[in-house]
Amino acid sequence: MKHLLRNLGVSTYRAFSTASSREYTIKSLCSDPFLDTAQLWLNRTLFPHFLQECIRIQSLPLTKQLHSLILTSGCFRERFVTNHLLNAYSKLGRLDVARFLFDRMHNRNVLSFNILVGGYIQNGDLNNAAKLFDQMSERNLATWNAVINGYTQFEFNEKAWNLFFEMHGLGFSPDAFTLGSVLRACAGLRDLNKGKQVHSYAVRAGLEGDLVVANALAHMYMKSGKFEEGERMIKGMAFQNVVACNTLIAGKAQNQCSEEALDQYHMMKLSGLRPDKITFVSVISSCSKLAVLGQGRQIHTEVIKTGAISEVSVVSSLVSMYSKCGCLEDAIKVFEERKEADTVLWSAIIAAYGFHGKGTDAIEIFDRMEQIGLEANNVTFLSVLYACSHCGLKDKGLEIFNSMVEKHKLVPQLEHYTCVVDLLGRSGRLEEAEAFIKSMPIKADAIIWKTLLSACKTHKNADMAEKIATEVLKIDPQDSASYVLLSHTQASTKRWKEVSEVWRAMKERGVKKEPGVSWMELKNQIHQFVMGSKSHPHCEEIESYLKELTAELKLSGYVPDTGSVMHDMDMEEKEYNLLHHSERLAIAFALMNTPEGSQIRVMKNLRVCNDCHVAIKYISKIKGREIVLRDSSRFHHFKNGHCSCGDYW
């Protein structure tokens with residue numbers, strides 16, 4: 001027993017010693033294995049102290065020893081002792097033992113039910129938690145809070161809302177914890193109307209200023225598209241904690257304000273608050289979107305210093321960040337340093353390989369997952385199907401899609417069907433891809449039709465492109481990309497009249513083409529370039545350099561692909577148009593401002609055109625540079641006149 005007390009910690013030992021010094025003796029407890037239980041366990045309040053300490057140190061063996069002592073002392077008849085024992089087994093993940101105890105309790109109360117309900121939720125068994133909840137003849141606020149939080153936690157947001165409505169109708173007054181949970185449900189539903197109803201209740205109940213409620217309100221508004229309102233809630237707080245900062249940073253990141261998210265992160269650190277795993281996931285995600293490798297590396301260092309590198313969500317974000325910044329080797333290194341097998345992390349590295357055009361490697365990782373018994377999920381399959389589609393691995397991709405349904409018994413989502421259409425479309429099987437869309441058990445969206453439209457452009461099938469574009473525009477008549485894809489396809493077959501009709505339709509419907517934007521990081525600053533824009537402070541020098549560079553390319557055999565230009569204009573105008581694509585402006589600026597032989601990284605919001613792809617291959621050879629270009633669909637690594645995509649993108 002000395003050993004037991006020693007393991008339970010100083011505070012618990014002292015609690016026991018203090019009590020015994022008042023009335024009881026522990027002499028025989030420490031020396032005699034045959035305990036005089038009548039004398040030693042008169043003070044029943046000591047057991048909860050011991051059991052709480054077992055939970056704190058996560059010790060199941062010590063809990064079992066205490067369980068034995070409780071049985072031999074006769075204390076198992078005391079409800080408050082049994083409830084604590086029930087709580088210990090629940091918190092330590094032994095729901096089977098907890099349920100066994102619960103079923104044999106003759107004097108259960110609401111707390112007994114609440115402990116087991118909470119245990120089921122904590123261990124991911126929402127089904128049994130709901131069954132037990134339904135059996136309860138008496139419930140209190142803690143009961144409702146636990147179940148509403150459970151439904152929200154597992155994203156059964158509509159069910160959580162309905163329970164909230166039911167409890168309020170039964171006369172229970174929600175507290176800050178209730179409101180925090182139901183507001184997260186409203187955020188998950190993106191239902192601003194429901195969120196505002198909860199906000200009104202919070203105001204009436206005087207809970208709007210509560211830190212938990214205020215953070216949840218801010219999160220709800222941001223998730224529901226009202227970022228300014230959410231930001232106003234946070235800035236109105238008397239005191240901002242880490243949760244408030246995380247809510248604001250995540251809101252900025254999710255609303256495409258990645259630079260502002262990083263600024264907020266730096267302000268958070270200056271205020272003395274310590275970032276946690278949620279902070280790091282948001283800011284690493286922002287670095288991924290901006291492709292700012294320098295800042296990403298700095299944050300990686302901070303992750304290691306704070307110990308957050310042990311969190312799989314953070315490691316997965318780092319893998320994604322390095323991949324999206326063009327550093328596949330660094331992504332692989334981060335992945336390999338994490339020894340524990342985790343589906344999220346493995347899915348991230350599969351996506352990284354696919355994004356960089358290494359489909360065979362992605363499939364190899366996928367196969368290794370199965371070999372070590374790691375269960376692939378929907379995200380895993382999406383990642384490996386994407387890798388197959390971008391590397392021309394049509395047959396393997398179709399085989400994996402079939403195994404997803406037949407072997408793994410997963411239900412494909414629209415994104416998986418879109419990957420299959422991409423597989424078929426890229427390989428030229430356009431009619432088969434169209435038939436596949438029409439045979440799907442779920443309704444097609446604009447994206448899947450647009451994927452097929454892009455394949456029509458690649459294979460210069462103008463007639464089919466016109467038909468598919470009609471399908472896209474039925475769903476989303478304001479989608480500029482569909483008009484552009486159709487006009488590109490028409491231009492490639494020199495149907496200038498049809499091209500003009502497409503542009504006229506865009507003008508009449510008020511649809512504007514998304515401008516091509518490229519950017520690069522230089523000395524921790526982002527430089528942005530837009531086609532036709534003179535906004536960059538060095539635009540004149542870039543213009544002059546581009547002319548010299550183009551002349552040099554032509555001497556090496558480069559011939560501009562004027563078919564990439566959609567307008568019916570003379571050759572000189574077409575060449576000028578091609579020369580000023582945003583990625584070329586960015587590469588020219590990089591060549592002017594970085595050391596010879598160093599790698600160049602450029603990001604673009606749209607797909608790189610055929611002519612720029614050819615031109616960059618020439619540039620990489622003539623200038624002896626490796627140029628890494630991330631467009632809207634994948635990475636291209638240009639080196640010595642070749643591209644990693646093998647001209648398949």
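Being a predicted model, the structure only gives us computed values, none of them experimental.

Novice: Could you clarify how one ought to interpret the overall build of the protein in this entry?
Specialist: Regarding its fold elements, the protein presents 36 helices and six strands. For the protein, the spread of C-alpha atoms along the three principal axes comes to 105 × 50 × 50 Å. Taking all 649 residues of the protein together, 51% fall into the buried category. Within the protein, contacts between residues at least 6 apart in sequence are counted, and of these 63% link residues at least 24 apart. Total accessible area on the protein stands at roughly 30900 Å², and carbon and sulfur atoms take up 52% of it.

Novice: Where do I start with helix α5 (residues 46-56) in this structure?
Specialist: Owing to its 3.6 residues per turn, the α-helix aligns residues three or four sequence positions apart on the same side. Where burial is concerned, most of α5 is hidden: eight out of the 11 residues are buried. Turning to α5, its buried residues number three or more, namely L46, F47, P48, F50, L51, E53, C54 and I55. Looking one or two places after α5, you find Q58, whose phi comes out positive at around 55°.

Novice: What am I meant to see in the packing of aromatic side chains here?
Specialist: A ring pair, where both rings are aromatic, is described by two values, the distance of the centres and the angle of the planes. Under the defined criterion, the tally for this structure stands at 15 aromatic pairs. Pairing F355 with F635 gives two aromatic rings, centres 5.3 Å apart and planes at 85°, and the pair type is edge-to-face. Residue F355 is located in helix α23 (residues 343-355), and its partner F635 is located in strand β5 (residues 635-639); the two are separated by 280 residues in the primary sequence. The class of F355 is buried, set by a relative accessible area of 14%. Aromatic ring contacts, followed pair by pair, group F133, W144 and F172 into a single cluster. Over the aromatic face of F100 sits the side chain of R104, whose NZ or CZ is 3.6 Å from the ring centroid.

Novice: Hey, could you run me through the packing of helix α17 (residues 242-254) against helix α18 (residues 258-270) in this one?
Specialist: The angle between the axes and the distance between the axes are what describe a pair of packed helices. The interhelical angle for the contact between α17 and α18, taken along N-to-C directions, is 160°, at an axis separation of 7 Å. Considering their axes alone, α17 and α18 lie roughly antiparallel with respect to each other. Crossing handedness for the pair α17 and α18: left-handed. On the side of α17, the interface is formed by V242, C245, N246, L248, I249, K252 and A253, while α18 contributes S258, E260, A261, Q264, Y265 and M268. Its residues placed into classes, the contact of α17 with α18 shows eight nonpolar, three polar and two charged.

Novice: How do you make sense of the sheet that holds strand β6 (residues 642-643) when you look at a structure like this?
Specialist: On the basis of which strands lie adjacent, the open sheet formed by six strands has the order β2-β1-β3-β4-β5-β6 and mixed pairing. Where the open sheet ends on each side, the last strands, each with one partner, are β2 (525-530) and β6.

Novice: Got a minute to help me understand the nonpolar core in this structure?
Specialist: A general trend in soluble globular proteins is that nonpolar side chains are found buried together. Judged by nonpolar contacts, the single largest core of 93 residues is most densely connected at F280, I299, I349, I448 and L452. At eight residues, α23 tops the list of elements feeding residues into this core. Among all residues touching F280, those that are not within four sequence positions of it are Y265, P275, I299, E302, V303, T306, A308 and V314.

Novice: Even after reading the chapter, I still don't get the pattern of salt bridges, so can you show me in this structure?
Specialist: If charged atoms from side chains of opposite charge come close, those side chains can pair. By the definition in use, this model includes 27 salt bridges. The salt bridge partner of K194 is E158, with a shortest N-O separation of 4.0 Å. Of this pair, K194 sits in helix α14 (residues 192-204) while E158 sits in helix α12 (residues 157-169), placing them 36 residues apart in sequence. Owing to a relative accessible area of 39%, E158 belongs among the partly exposed residues under this scheme. The partner of E471 in a salt bridge is K474, and the shortest N-O contact between them spans 3.8 Å. A residue pair is termed a helical-turn pair when its members lie 3 or 4 positions apart in one helix, as E471 and K474 do in helix α30 (residues 462-475) at three residues. Residue classification places E471 among the partly exposed positions, given a relative accessible area of 24%. Under the relative-accessibility criterion, K474 is labelled exposed at 61%. Several salt bridges share partner residues, and in doing so they unite E231, K235, K252 and E260 into one network.

Novice: Whenever I open this one, the pairing of strand β1 (residues 517-522) confuses me. Can you help?
Specialist: Along any regular strand, the residues point their side chains to alternate faces of the sheet. Burial within β1 is extensive, with six of its six residues counted as buried. Every second residue of β1 is oriented toward a common face, with V517, W519 and E521 on one face and S518, M520 and L522 on the other, all of them buried. Note that β1 and β2 share six bridges and pair antiparallel. Counterpart to L522 in the pairing with β2 is Q525. Taking the residues that link successive antiparallel strands as the turn, the β1-β2 hairpin has two residues, and the phi of K523 there is positive, at about 50°.

Novice: Mind showing me how you'd approach the UniProt feature "repeat: PPR" (unreviewed entry) in the protein here?
Specialist: If you check UniProt for "repeat: PPR" (unreviewed entry), the listed places come out as residues 109-139, 140-174, 241-275, 342-376 and 479-513 in our numbering. Counted over residues 241-275, helix gives 74% and strand 0%. Its end C-alpha atoms are 10 Å apart. End C-alpha to end C-alpha, residues 479-513 measures 9 Å, and it is 74% helix and 0% strand.

Novice: What is the right way to look at the environment of I148 in this model?
Specialist: Assignment of secondary structure puts I148 in helix α11 (residues 141-153). With a relative accessible area of 0%, I148 lands in the buried category. Sequence separation of I148 and S181 is 33 residues, and the distance between their C-alpha atoms is 6.7 Å. Leaving out residues up to four positions away in the same chain, I148 has contacts with A160, L163, F164, M167, T178, S181 and V182.

Novice: What's the story with unusual backbone geometry in this structure? I'm lost.
Specialist: The general pattern is negative phi for most residues beyond glycine and trans for most peptide bonds. Within the chain, Q58 stands out as a residue other than glycine whose phi angle is a positive 55°. Inspection of the secondary structure assignment puts Q58 in the loop between α5 and α6 (60-73). Positive phi values are uncommon outside glycine, yet K460 reaches one of about 55°. Along the chain, K460 turns up in the loop between α29 (446-458) and α30.

Novice: Quick question: what am I supposed to make of the environment of A142 here?
Specialist: Along the polypeptide, A142 turns up in helix α11. As a C-alpha pair, A142 and I57 span 85 residues in sequence and 25 Å in three-dimensional space.

Novice: Would you mind showing me how to read the side chain of H580 here?
Specialist: Mapped onto the elements of the fold, H580 is located in the loop between α34 (571-579) and α35 (582-593). Residue H580 is classed as buried on the basis of its relative accessible area, which comes to 7%. At 2.6 Å, the side chain of H580 and the side chain of E543 are in polar contact.

Conventions adopted
- Residues numbered from 1 in each chain as written.
- Predicted model: local features only at pLDDT ≥ 70, side-chain atom pairs only at ≥ 80, totals over all residues.
- Heavy atoms only, no water.
- Helix = DSSP H or I, 4+ residues; strand = E, 2+ residues; numbered from the N terminus.
- Buried < 20%, exposed > 50% of the residue type's maximum accessible area, 1.4 Å probe, protein only.
- Contact = heavy atoms within 4.5 Å.
- Areas by Shrake-Rupley, 256 points an atom, 1.4 Å probe, with all protein chains shown as cover.
- Phe/Tyr/Trp six-rings, centres within 6.5 Å; stacked < 30°, edge-to-face > 60°.
- Lys NZ or Arg CZ within 6 Å of the ring centre and 35° of its normal.
- Axes fitted to C-alpha atoms, helices over the stretch in contact; angles between N-to-C directions.
- Parallel < 35°, antiparallel > 145°, perpendicular 65-115°, else oblique.
- Left-handed = near helix turned anticlockwise from the far one by under 90°.
- Nonpolar A, V, L, I, M, F, W, Y, C, P; charged D, E, K, R; others polar.
- Pairing = 2+ DSSP bridges.
- Core = buried A, V, L, I, M, F, W, Y, C linked by side-chain atoms within 4.5 Å.
- Salt bridge = Lys/Arg side-chain N within 4 Å of Asp/Glu carboxyl O.
- UniProt positions renumbered as here; feature names shortened; annotations may be inferred.
- Polar contact = N/O pair within 3.5 Å; in protein donor to acceptor, adjacent residues only side chain to side chain.

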